[in-house]
Amino acid sequence: MTTAENSADLLFSEREFTFTEPDFQRVCALIYARAGISLSASKQDLVYGRLARRLRALGIRSFAHYLDQLDEPQAPEWEHFTNALTTNLTAFFREKHHFEMLAEHLRQHAGHGPLRVWSAAASTGEEAYSIAITVAQNLHRASDEVKILATDIDTSVLDKGRAGIYPAERIDSLPAKLCAHYFQRGQGAHAGQVRAVERLRSMIAFKRLNLLAESWPMRHKFDVVFLRNVLIYFDKSTQAALIEHLSRYIKPGGLLFIGHSESPHVDRRVFESIGRTAYRVLEDARYG
């Protein structure tokens, strides 16, 4: 073993739990195989901090022993492991220009039948509720004609999204009239919190989905898909495979939005660029 390796192992061993370089590499391999997430060496502290909570909860003293809990593909601990390593950073109306484009698409869609929108990395639901508000403001039809699917691999954040309850400061940057119309402020024990109104909650179905699963359960195509700020966790080959799979779930003329820092390969036989991080599926899309 080299001096550098000795130093690394010493650094890890000084922590509360034994966490070696091989342990970290094992974590990287497991989360990549399970969820396609590619962890760089700079994520060692993040991995330790998030998984250490599980070791404490289970009374386990070493990462090697903890990771043994994942030897079986159906082991209950997989859900906790995946939840812990999934980064969930979101906000209401994040990347505002996407919602402006969504609003225009909705107005053009009016009267053309049921509308389906997919928030494909929904996290705690702020994106899905931003979509629902945009729908309510621009498509004046009964909400049961609009279906929003919100999916994530992390079950804990889906529970939060389904409840639609947030700290009041999360909506401080939104117009006061919009807040008053679409959020209820908590009283008593719930003071300092807001909840999305039932009209919005009824539009959204929160479901667990691993985007890298070989098949997805949806049997219909979507008018609009938000796939934002998730591709950055995948390597280029995984990004390309996911975009190719996803393209078959978007209607001709439908929209795809990705995150502002993402630049995946997009098949020009299927998509046309219509603005910053926004694409439309061609009417005569030719799939590879």
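Look up: the structure comes first, before these words.
Residues numbered from 1 in each chain as written. Predicted model: local features only at pLDDT ≥ 70, side-chain atom pairs only at ≥ 80, totals over all residues. Heavy atoms only, no water.

Let us look at the nonpolar core. When a protein is soluble and globular, its nonpolar side chains tend to lie buried together. Ranked by size, the top nonpolar core spans 53 residues in total, and within it F81, W118, L227 and L256 carry the most contacts. The set of elements that each furnish at least two residues to this core consists of α2 (21–35), α3 (44–58), α4 (63–68), α5 (77–85), β7 (222–227), α11 (236–247), β8 (250–258) and β10 (278–281). Non-local contacts of W118, meaning those with residues more than four positions away in its chain, are made with L149, T151, L209, L211, W216, M218, F222, V224, V225, F226 and L246. By size, the runner-up hydrophobic cluster in this structure holds 40 residues, among which are F92, F183, L200 and F206. (Core = buried A, V, L, I, M, F, W, Y, C linked by side-chain atoms within 4.5 Å. Buried < 20%, exposed > 50% of the residue type's maximum accessible area, 1.4 Å probe, protein only. Helix = DSSP H or I, 4+ residues; strand = E, 2+ residues; numbered from the N terminus. Contact = heavy atoms within 4.5 Å.)

Now for the sheet that holds strand β4 (residues 183–185). For sheets, the rule is that strands pair by backbone hydrogen bonds, running either parallel or antiparallel. Strand order in this open sheet of 3 strands is β3-β5-β4, and the pairing throughout is antiparallel. A strand with exactly one partner marks an edge of an open sheet, and here the two such strands are β3 (165–167) and β4. If you compare each strand with its neighbour and ignore which way they point, the axes differ by 30° on average. Here β4 pairs with strand β5 (residues 193–196) via 3 bridges, running antiparallel. Paired with Q184 across the bridge in β5 is R195. (Pairing = 2+ DSSP bridges. Axes fitted to C-alpha atoms, helices over the stretch in contact; angles between N-to-C directions.)

For the structure on display, the rule yields 12 salt bridges. Among the salt bridges present, the one from E127 reaches R228, with a minimum N-O distance of 2.8 Å. You can see E127 sitting in helix α7 (residues 126–138) and its partner R228 sitting in the loop between β7 and α11, a full 101 residues away along the chain. Grouping residues by exposure puts E127 and R228 together as buried. A salt bridge links D159 to R162, with the shortest nitrogen-to-oxygen separation between them at 2.9 Å. Of this pair, D159 and R162 both sit in helix α8 (residues 155–163), 3 residues apart, roughly one helical turn. On the basis of relative accessibility, which here comes to 41%, the residue R162 falls in the partly exposed class. Overlapping salt bridges, with partners in common, bring together R26, D68 and D71 in one network. (Salt bridge = Lys/Arg side-chain N within 4 Å of Asp/Glu carboxyl O.)

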